[in-house]
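Listed below, chain by chain, are the residues.
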Amino acid sequence: MRIDVLTIFPEFFGQVFEFGIIRRAKLAGLVKINVHDIREFATDKHRMVDDRPFGGGDGMVLKPEPVFAAIENIVGTSEKAAYEAGTRVVLLTPQGKPLKQAMAKELADEVKHLVLICGRYEGVDERINQALATDEISIGDYVLSGGEPAAIVLTDSIVRLLPGALGSETSAVNESFTSGMLDYPHYTRPAEFRGMKVPDVLLNGNHAEIEKWRRNEALEKTRRYRNDLLVGENGEM
Ligand code: 6GU
């Protein structure tokens, strides 16, 4: 997979893709990640990337010209009907479709070239959504100052699902959200730490009992914090 990130704050991405699973995936050649400064594609003498909103209002709006130029340079066309199969241009915006594990999985499975446009929270010119974006994604119901943290979250959620990224010792099959539930509690040594004991069931080697305990803990945790995962948004079971 190739991932190109378009941002007005390229330095924001510093070393975020240089650790753990993402770093390993890069070194294994599973993904190549490039970060581009939108300002580099501005052709006016002040290299403007944003401007005041038509109709008035607070804040600045991301201008279309440099973003169209960047997409033409990176994808080869700014006509989304002409994108190659396997190319997706995602606009990160709080107005987007909420990111879920199934979405990350679909992108990991289907996409060869992923372009992430980091919006700014005041807004992006609507012609960017209209003409360029194949998808608009939000990472949750809260406001960020810009799409940059969302681009990092989305990249992480996808890259770790690329075949080979997790290594043979771990697998995404049984994790939280893939199973539709939160994870069960984990413990490691020591068996007693500052008076807090590891549950006996985990120490007695009865794997059927351990599985049962884990399933029950996961269910309890999910019921307490994320009952919506069990009953759905509309209350169905
Ligand atoms: Cl993608 N962008 C911004 N600015 N805020 C967000 C978001 C994205 N997702 C959740 N909040």
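Each value, and the rule that gives it
- Residues numbered from 1 in each chain as written.
- Predicted model: local features only at pLDDT ≥ 70, side-chain atom pairs only at ≥ 80, totals over all residues.
- Heavy atoms only, no water.
- Helix = DSSP H or I, 4+ residues; strand = E, 2+ residues; numbered from the N terminus.
- Buried < 20%, exposed > 50% of the residue type's maximum accessible area, 1.4 Å probe, protein only.
- Contact = heavy atoms within 4.5 Å.
- Lys, Arg positive; Asp, Glu negative; His and termini not counted.
- Charge placed at Lys NZ, Arg CZ, Asp CG, Glu CD.
- Near = heavy atom within 4 Å.
- Polar contact = N/O pair within 3.5 Å; in protein donor to acceptor, adjacent residues only side chain to side chain.
- Areas by Shrake-Rupley, 256 points an atom, 1.4 Å probe, with all protein chains shown as cover.
- Nonpolar A, V, L, I, M, F, W, Y, C, P; charged D, E, K, R; others polar.
- Salt bridge = Lys/Arg side-chain N within 4 Å of Asp/Glu carboxyl O.
- Pairing = 2+ DSSP bridges.
- Phe/Tyr/Trp six-rings, centres within 6.5 Å; stacked < 30°, edge-to-face > 60°.
- Right-handed = clockwise from strand over helix to strand, strands pointing away.

K.L.:
Any chance you could break down the overall build of the chain for me, citing the residues and the numbers?
P.N.:
Scanning the chain from terminus to terminus reveals 7 helices and 9 strands. Expressed as lengths along the three principal axes of its C-alpha atoms, the size of the chain is roughly 70 × 40 × 40 Å. Relative to its 237 residues, the chain shows a buried fraction of 40%. A sequence separation of at least 24 residues applies to 74% of the contacts in the chain between residues at least 6 apart. Side chains of the chain give 29 positive and 36 negative charges; the mean places of these two sets differ by 5 Å.

K.L.:
Hey, could you go over the site of the ligand for me, with residue numbers and the actual values?
P.N.:
Near the ligand there are 13 residues, and of these Thr-93, Ile-139, Gly-140, Tyr-142 and Leu-144 occur at the shortest range. Within the backbone of Tyr-142, one N or O atom sits 2.6 Å away from a nitrogen atom of the ligand. Taking 290 Å² as the accessible area of the ligand by itself, protein coverage stands at 99%. Contributions of two or more residues to the shell around the ligand are made by β5 (87-98) and β7 (135-138). Per-element tally for the shell around the ligand: the top contributor is β5, with 3 residues. Taken together, the residues of the shell around the ligand sort by class into 8 nonpolar, 5 polar and no charged.

K.L.:
Requested: an account of the pattern of salt bridges, with residues and values cited.
P.N.:
Tallied over the full model, the rule gives 15 salt bridges. Here Lys-105 and Asp-109 are joined by a salt bridge, their closest N and O atoms 3.0 Å apart. Remark: Asp-109 and Lys-105 occur in helix α3 (residues 101-110); sequence separation between them is 4 residues, near one turn of the helix. Arg-127 is paired through a salt bridge with Asp-125; the nearest N and O atoms lie 2.8 Å apart. The partly exposed category is assigned to Arg-127, whose relative accessible area is 45%. The network of salt bridges with common partners includes Asp-50, Arg-120 and Glu-122.

K.L.:
How would you sum up the environment of Ala-85? Please name residues and give values.
P.N.:
The topology assignment puts Ala-85 in the loop between α2 (64-75) and β5. For Ala-85, a relative accessible area of 67% puts it in the exposed group. Here the alpha-carbon distance between Ala-85 and Asp-135, two residues 50 residues apart in the chain, equals 14 Å.

K.L.:
Help me get a handle on the pairing of β5, residues and values and all.
P.N.:
Sheet topology note: the β5/strand β6 (residues 113-118) ladder contains 6 bridges and is parallel. Residue Thr-87 lies in a different strand from β6, and its bridge partner there is His-113. For β5 and β7, the ladder comprises 5 bridges, and the chain directions are parallel. Considered in β7, the bridge of Pro-98 is made with Ser-138.

K.L.:
Can you lay out the packing of aromatic side chains for me, pointing to particular residues and giving the numbers?
P.N.:
Enumeration according to the criterion identifies 2 aromatic pairs in this entry. Joined through ring pairs, the aromatic side chains of Phe-12, Phe-13 and Phe-17 make up one cluster.

K.L.:
For the pairing of strand β1 (residues 2-7), give the residues involved together with the corresponding values.
P.N.:
Judged by how many residues are buried, β1 sits mostly within the fold: 5 of 6 residues are covered. With 6 bridges connecting them, β1 and strand β2 (residues 32-37) associate as parallel partners. If you follow Arg-2 over to β2, its bridge partner there is Lys-32. Considered for its hand, the β-α-β crossover made up of β1, helix α1 (residues 20-27) and β2 is right-handed.

Worth remembering: the numbers are spatial, not functional.
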